[in-house]
Amino acid sequence: MIALITGASSGIGEATARRLAREPGARLVLVARRADRLEALAAELGGDVLVLAEDLTDPGAGERIDAAVRERHGRLDLLVNNAGAGWRGAFADVGTANLRRTLELNLFAQAALTEALLPLLRESAPSAIVNVASTAGRVARAGSGGYSASKFAFIGWTDSLHLEERPNGVHVGLVNPGFVATEGFPQAELVEKATTRWMVSTPEKVAEAILQAGPGGKAERYAPRPYALAAAARILLPGFTRRVLGGGGASALATSTKVDAEP
Ligand SMILES: NC(=O)c1ccc[n+]([C@@H]2O[C@H](COP(=O)([O-])OP(=O)(O)OC[C@H]3O[C@@H](n4cnc5c(N)ncnc54)[C@H](OP(=O)(O)O)[C@@H]3O)[C@@H](O)[C@H]2O)c1
C-alpha cells in the first residue's frame, strides 16, 4: 500500500504515519512544510518513506507531489488529507481576512491536492481518500467561525466527492475528530481542569479512525465516537445546543482550541 499523509510533521498526521507504517507492505509519503520533522520521522520509521516538504497553499504544490509520487511508485492507494489549522477570534475582530486564510488551507489546499492526485488514485483503484475534517464542521462555537466555516465546507465537498468517486473505485471517507491534544490544538484549558480533561482524546485514536475510514471502507467516523452526539444534537435539538454553547460552560470550550502559534 502506497499511502500519502499530509500534515505528517506533528499531531494526528504523525500518529497516522506511525500507525500506517505498521501495516504490512506500507510505503509512506510524508507531506508538510517542516522538512526536518518529516526527515526525523522517516529515519525513525525506516523502510521506504518519501519525504516531500511542501506548503500545500502554494500554487503547483499538488502537481509537484503528483510528479514525485508517480516517479517513485507509479501508484497511490491512500491519500490522507489531514493538514490544517485554525486561527481563533470573533468575526468582528478578525473579519473576512481570517475566513479567507483558513479556507485557503483547510478547504482549497486539500481540494487542489486531491485534484492533482485524483487521476493517479483512479488509475490505482481500488484506492481511498480520507478527509480529516472536525466535529467543528458540524457544530460551531464562538470565536471559531473561520475554522468552522472551513470544516463545514470541507465536509460538504467530501460528501459530494464520496458519491462522485464511488463508480471510479476511489472510496472517500470522512473523519471528524473531537478535542484532541496536539501541537496546533493543545486543548490546554480542557486538559488543565479535571472536570473537562475526559473530553480530550489522543492522536492515536484518530489514527485508528483514519484507517477505518480509508482501507477499512467506512464512510464516516467521529473520533472519539461519542462526538457524533454533538453533531446530532445540533440538528435535532438546536435550541438546547445553542443554550449549552452560549452558557457558562461555553467559555472553556470557546478558548480550548486556541492556536498558540501560527503554523
Ligand atoms: N486536534 C484537534 O483537536 C482537532 C480536532 C478536529 C480536527 N482536527 C484536524 O486535524 C488535522 C490535524 O490537526 P492536528 O491537531 O494534528 O494539528 P497539528 O499538530 O498542528 O498538525 C497540523 C499539520 O498540518 C501541517 N500544515 C499546516 N499548514 C500547512 C501547509 N500550509 N502546508 C502543508 N502542511 C501544513 C503541519 O505541518 P507544518 O507546520 O510542518 O507544515 C502539521 O503537520 C487538522 O486538519 C485539524 O483541523 C484537529
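Each chain carries its own residue numbering, running from 1 in the direction its sequence is written. Restriction of local features to residues with pLDDT of at least 70 applies here, the model being predicted, together with a cutoff of 80 or more for giving and counting side-chain atom pairs; totals for whole chains, interfaces and linings are based on all residues.

Is there a simple way to explain the environment of V180 in this structure?
Structurally, the position occupied by V180 is in the loop between β6 (170–177) and α6 (188–192). The exposure class of V180 is buried, given the 22 C-beta atoms found within 10 Å. Between the alpha carbons of V180 and V206 there is a distance of 8.4 Å; along the sequence they are 26 residues apart. By the convention adopted here, residues are in contact when the distance between their C-beta atoms, placed from the backbone, does not exceed 7 Å. In this structure V180 touches I12, F185, V200, S201, T202, P203 and V206, once residues within four positions along its chain are discounted. In this text, helices come from DSSP runs of H or I with a minimum length of four residues, and strands from runs of E with a minimum of two, each type numbered from the N-terminal end. Residues with at least 20 other C-beta atoms within 10 Å of their own are called buried, those with 12 or fewer are called exposed, and the rest are partly exposed. The C-beta atoms themselves are positioned from the backbone.

For this particular structure, what's the right way to read the packing of helix α4 (residues 91–123) against helix α5 (residues 145–165)?
The description of two helices packed together rests on the angle between their axes and the distance between the axes. To obtain an axis, a line is fitted to C-alpha atoms, over the contacting stretch when the element is a helix, and the angle between two such axes runs from 0 to 180 degrees between their N-to-C directions. For the pair α4 and α5, the least separation of the axes is 7 Å and the interaxial angle reads 30°. Between α4 and α5, the angle is such that the two are roughly parallel. In the packing of α4 onto α5, the handedness of the crossing is right-handed. On the side of α4, the interface is formed by F91, V94, N98, L99, T102, L103, N106, L107, Q110 and A111, while α5 contributes G145, G146, Y147, A149, S150, K151, A153, F154 and W157. Any angle between 65 and 115 degrees counts as roughly perpendicular, while under 35 counts as roughly parallel, over 145 as roughly antiparallel, and the rest as oblique. Helix crossings get a hand from a simple test, with the near helix turned counterclockwise from the far one by less than a right angle marking a left-handed crossing and a clockwise turn marking a right-handed one.

Could you clarify how one ought to interpret unusual backbone geometry in this entry?
Negative phi is the rule for most residues except glycine; trans is the rule for most peptide bonds. Following A125, the chain continues to P126 via a peptide bond in cis, the omega torsion being 5°. Within the fold, P126 resides in the loop between α4 and β5 (127–132). Backbone torsion omega between A223 and P224 reads -5°, so that peptide bond is classified as cis. Examined against the element boundaries, P224 turns out to sit in the loop between β7 (220–223) and α8 (227–236). For Q187, which is not a glycine, the phi torsion comes out positive at approximately 55°. Its place among the elements puts Q187 in the loop between β6 and α6. Among the residues examined, Q187 registers 20 C-beta atoms within 10 Å and is labelled buried.

Coordinates in, geometry out; function isn't part of it.
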